[in-house]
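An overview of the molecular structure
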Amino acid sequence: MTKRKSKRSFVRESTSKPSSTRKHVICDCNICQGAEVDPRTKESHMKKREISRVFTDRTPERPSEIGTGRSHITNDPIIPMEMDEMEISYDSEDEQYDSRDKQKFNFLAKKTSKSKRKFNIDPFVLIEHLLSDHEDDDQEVEDDDVASIEDDDLEQNVNFDAPESGYGDDDSDTPNINIDQGFAWIVYWILKYQERYRLSDVATNSLIKFIRYLLISHDKNTYSTFPTSLYMARKLFGIGDQIIKYATCPTCCKLYSVNKLPTDKPSHCSFQNFPNHPMANYRSPCGAVITKQVPTNQGIIYRPALIFPIVNIKRQLQRLYNKKGFEESCRKWAARPNNDHELSDIYDGRIWKEFKDPNEDRLFFRHDVSDSNLGIMLNLDWFQPFDNSQHSVGVIYGVICNLPRSERFKTSNTITLAVIPGPGEPKLHKLNHYLAPIIDQFIELWKGIDISTNETSSKHIRAAIICCACDIPAARKLCGLISARAACHLCEKVANFDDRNQSNFGGFDDMNQWFVKRDADEIRNNAYIWKECNTEDARKNHVSETFVRWSEIYRLPYFDPTKFLIVDPMHCLFLGIAKWIVTRLWIEENRLTTKHLEIMQERANKIKVPSDIGRIPNKIATGDGFSGFTADQWKTFILIYATTITWDLLKDEDRKILSYFVRACNILVCRIISKSGLNEAYQCLLSMVKLVEKQYGQKKITPNMHLCLHICECALDYGPLYSFWCYSFERMNGLLGNINININII
């Protein structure tokens, strides 16, 4: 990749290599200093000189269009322009610089001050000053909003609690959005400009300072309250600093206060995994180094090696409730017609209709609190933000189920609760360190908080986590449950193990014995017992017997892992079963050969589908078959293509397997599902897995084959699959992974 040349290097090259098509002239500006340059370059430099003179001796000849009493900015309502609507074109490279200069400085000419003060400041010196890296008072205020936290004393049992998070009432209050000032649209435009072109905070902060200087020099009285920094600009729109930062141990994931770590010496982790172990050497702290050396002008200082950021959920809710129409949207579910025979959204499910507040012994979701008692859907997932790298970043999302389905999963309404640092996933119970400060906030939300909204000065808000929608590994780790390869978390089914110690979930003859719902109270009690285990062996034995370990989510008094932890249809049906049937049953067992795959690809290319569905890629015959298919492409393949292009290539038993699975998927993906349809879908899935076991043996019955039998119950609890599957969260991962951080993508 070629390095971009600076403007000075263009000038030097122009002096040494005169163009053969245009005669060069001498330019005596401060940059060229008598060198021969292109005539258009000299013209550009002369214009800058004239502008400099305007700054040093400004004598307005006519009233300013902006500074008059009927200022267009101050009085007239202006709709901020989206950046995509602006069309800027340049004829050549030199004219590109000229045109940009004209845009900026024509803007300056229109902002002539009404006063006749003289500004003896060179504009280029001013720009250098504004672009400096010094911090102002507002930045100190921003830093003060970051959590001020301290370590708690370790208890006798293992303690996953985070330090004091500093998100109390005094720190969390966010003022109502105040955009009555005439310059609010300018601030809005700057923020949209940053979002559209992904500018860094440092660059945007300097831009705001420069525009403030221009406005103040024009009319100090009108623009004295213009934001002085990016922090103040965000605060104007209610977008304050909502991030709580912790330092985390790279070994055990224990959290520490960033502000309390010493900067003059390295810090070591003091977490005790077994504080009451019978052997003294196992009671020793972790001891891992949690800081790194950072060279500065004052010498070497120590900063946290890993940062774990979480949001202040109260502030996030404050931001949402300050949006016009948010409360009205949250109330729409109460006005929906109630249909006992069909499921069209989460409000028709059993959880929404039956979830009770244990303290009040009445329904939590009621019409009188339709916009204040919130149901939260949680998602935990890991993804790789870097190409050709094994670096994994974890994210915890939250969505508000009170919102209509058309608004629920929008990016603006999705709360990114936390970002778990890489480079790898935390092992087993170590995730509890990251969950602890989030659960602390949800405990507070369960008790209730008071915030100001767009409609009222004070509203009592309560919130409860009623659904955890994750892929299988993340779901088990979130709720402290054993691997899906060992046992089911919803029923009493335990995996079978063959001679090679490979697990499977076959065996449907005794289905009446194991297809029994697990007891939530027993799971919670066993989780508490795991926390009291003093040794690693005791923990392993306990997990082998009870299939559960401690999770911080059990501190929520209402949480039921047998109801609120769903089976995600996206991962189970499409990335799991659909892919397994085609690749592991038919292709590996040579039911579909390379020749068959080529025929299938030719047939698929002839099928025309609506543009909003999307064609499957030309990868059916690539590699071992169906190379790189995404979950959405597997869904499209099963629902539209599979029966048409594979039917005559399969044997009778495989045709039945395909027909059962396609029929079940067609019922379940409908936007409105009848309860009788759920029964039919369950019978189709059960017939499919039994036929797979009969045709291919027990070893082919995977955890997904078993878990699909619980999907219909999840739909009965939460409505159609659209209400809770993970497609929307996967899209959020893509958006988060494409955010530019310096030269990297995170």
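Description of the overall build of the protein
Across its full length, the protein carries 29 helices and 20 strands. Counting all 746 residues of the protein, 49% fall into the buried class. For the protein, contacts bridging at least 24 residues in sequence account for 68% of all contacts bridging at least 6. Looking at the protein as shown, the accessible area adds up to about 38000 Å², and 49% of this sits on carbon and sulfur atoms.

A closer look at the state of the cysteines
As enumerated under the stated definition, the model contains 0 disulfides in all. The cysteine Cys253 is free of any disulfide, with Cys252 supplying the nearest cysteine sulfur at 6.6 Å.

Considering the confidence of the model for the protein
Low pLDDT means the predicted atomic positions in that stretch should not be read closely. When pLDDT is averaged along the protein, the result is 78; 77% of the residues meet or exceed 70. This model gives residues 1-20 a pLDDT under 50, and the stretch forms 19 contacts once residues within four places in sequence are excluded.

Considerations on the pattern of salt bridges
One pass over the structure, following the stated rule, counts 23 salt bridges. For the salt bridge of Glu455 with Arg331, the shortest nitrogen-to-oxygen distance reads 3.1 Å. Of the two residues, Glu455 is situated in the loop between β14 (449-451) and β15 (459-468) and Arg331 in helix α13 (residues 326-331); the sequence distance between them amounts to 124 residues. Taking relative accessible area as the criterion, Glu455 reaches 45% and is therefore assigned partly exposed. Taking relative accessible area as the criterion, Arg331 reaches 30% and is therefore assigned partly exposed. Between Arg663 and Glu680 there is a salt bridge, with the nearest N and O atoms lying 2.9 Å from each other.

Regarding the side chain of Arg408
Along the polypeptide, Arg408 turns up in helix α15 (residues 405-408). Under the relative-accessibility criterion, Arg408 is labelled buried at 0%. Of note is the side chain of Arg408, whose polar atom sits 3.3 Å from the side chain of Tyr347. Excluding anything up to four places from it in sequence, Arg408 contacts Asp345, Ile346, Tyr347, Val399, Ile400, Cys401, Leu403, Asn413, Thr414 and Ser723.

Points about the packing of helix α25 (residues 652-668) against helix α26 (residues 675-696)
As a packed pair, α25 and α26 sit with axes 8 Å apart at the nearest point and diverge in direction by 155 degrees. Between α25 and α26, the interaxial angle falls into the category roughly antiparallel. Crossing angle aside, the handedness with which α25 passes α26 is left-handed. Residues Glu653, Asp654, Lys656, Ile657, Tyr660, Phe661, Arg663, Ala664, Ile667 and Leu668 of α25 lie in contact with α26, whose contacting residues are Gly677, Leu678, Glu680, Ala681, Cys684, Leu685, Ser687, Met688, Leu691, Val692, Gln695 and Tyr696. Tallied by class, the residues present in the contact of α25 with α26 amount to 14 nonpolar, 3 polar and 5 charged.

Here we look at helix α28 (residues 711-718)
Burial within α28 is extensive, with 6 of its 8 residues counted as buried. Ile711, Cys712, Cys714, Ala715, Asp717 and Tyr718 are the residues of α28 that are buried. At the exit of α28 stands Gly719, carrying a positive phi of roughly 90 degrees.

Some details on the side chain of Asn379
Summarising the element assignment, Asn379 is placed in strand β11 (residues 373-383). Judged by relative accessible area, Asn379 falls into the buried class, the value being 2%. For Asn379, the side chain forms a polar contact with the main-chain oxygen of Ala469, separated by 2.5 Å. Setting aside anything within four residues of it in sequence, one finds Asn379 in contact with Val395, Ile396, Tyr397, Ala469, Cys470, Cys726 and Phe729.

Notes on helix α9 (residues 201-218)
If you check α9, its first and last C-alpha atoms are 26 Å apart, about what 18 residues at 1.5 Å a residue would give, namely 26 Å. Among the residues of α9, Thr204, Asn205, Ser206, Ile208, Lys209, Ile211, Tyr213, Leu214, Leu215, Ile216, Ser217 and His218 are the ones counted as buried.

Description of the packing of aromatic side chains
This structure, assessed with the given rule, holds 33 aromatic pairs. The side chain of Arg539 reaches across the aromatic face of Trp530, ending 4.4 Å from its centre.

Topic: the environment of Val582
Structurally, Val582 is set in helix α22 (residues 569-587). Sequence separation between Val582 and Leu592 is 10 residues; the distance between their C-alpha atoms is 8.4 Å.

Side note on unusual backbone geometry
Residue Gly422 is joined to Pro423 through a cis peptide bond whose omega torsion reads 5 degrees. Relative to the elements of secondary structure, Pro423 occurs in the loop between β13 (415-420) and α16 (431-447). In this structure, Leu428 takes a positive phi of about 45 degrees despite not being glycine. Positive phi is not limited to glycine here, since Phe547 has a value of about 65 degrees. Relative to the helices and strands, Phe547 is located in the loop between α20 (536-546) and α21 (561-564).

A short note on the packing of α26 against α28
Contact pair α26 / α28: the axes reach a minimum separation of 9 Å and the direction vectors enclose 165 degrees. Comparing the axis directions of α26 and α28 gives the class roughly antiparallel. Seen along the crossing, α26 lies across α28 with a hand that is right-handed. Residue-level contacts link Lys675, Leu678, Ala681 and Tyr682 of α26 to Cys712, Ala715 and Leu716 of α28. Of the residues contributing to the contact of α26 with α28, the split by class is 6 nonpolar, no polar and 1 charged.

Examining the environment of Ser674
Relative to the elements of secondary structure, Ser674 occurs in strand β18 (residues 673-674). On the basis of relative accessibility, which here comes to 27%, the residue Ser674 falls in the partly exposed class. Distance from Ser674 to Leu343, taken between C-alpha atoms, is 6.0 Å for residues 331 residues apart in sequence. One polar contact links Ser674 to Ser676, side chain to side chain, over a distance of 3.2 Å.

Here's the deal with the pairing of strand β12 (residues 393-400)
Along β12, 8 of the 8 residues are buried, which leaves the element largely enclosed by surrounding structure. When β11 meets β12, the two strands line up antiparallel, connected through 8 bridges. Among the inter-strand pairings, Ile376 is bridged to a residue of β12, identified as Ile400. Both β12 and β13 contribute to a ladder of 5 bridges, which runs antiparallel. Looking at β13, one finds that Tyr397 is bridged to Thr416.

Notes on a negative patch on the surface
Taken together, the side chains of Glu492, Asp519, Asp521 and Glu522 present a region of like negative charge at the surface. Relative to the helices and strands, Glu492 is located in the loop between α17 (472-478) and β16 (496-497). Look at Glu492 and you get partly exposed, because its relative accessible area is 40%.

Calculation notes
Residues numbered from 1 in each chain as written. Predicted model: local features only at pLDDT ≥ 70, side-chain atom pairs only at ≥ 80, totals over all residues. Heavy atoms only, no water. Helix = DSSP H or I, 4+ residues; strand = E, 2+ residues; numbered from the N terminus. Buried < 20%, exposed > 50% of the residue type's maximum accessible area, 1.4 Å probe, protein only. Contact = heavy atoms within 4.5 Å. Areas by Shrake-Rupley, 256 points an atom, 1.4 Å probe, with all protein chains shown as cover. Disulfide = S-S within 2.5 Å. pLDDT = per-residue confidence, 0-100. Salt bridge = Lys/Arg side-chain N within 4 Å of Asp/Glu carboxyl O. Polar contact = N/O pair within 3.5 Å; in protein donor to acceptor, adjacent residues only side chain to side chain. Axes fitted to C-alpha atoms, helices over the stretch in contact; angles between N-to-C directions. Parallel < 35°, antiparallel > 145°, perpendicular 65-115°, else oblique. Left-handed = near helix turned anticlockwise from the far one by under 90°. Nonpolar A, V, L, I, M, F, W, Y, C, P; charged D, E, K, R; others polar. Expected span 1.5 Å × (residues − 1). Phe/Tyr/Trp six-rings, centres within 6.5 Å; stacked < 30°, edge-to-face > 60°. Lys NZ or Arg CZ within 6 Å of the ring centre and 35° of its normal. Pairing = 2+ DSSP bridges. Patch = residues over 30% accessible without salt bridge, like charges linked within 9 Å, V, L, I, M, F, W, Y side chains within 5 Å. Lys, Arg positive; Asp, Glu negative; His and termini not counted. Charge placed at Lys NZ, Arg CZ, Asp CG, Glu CD.

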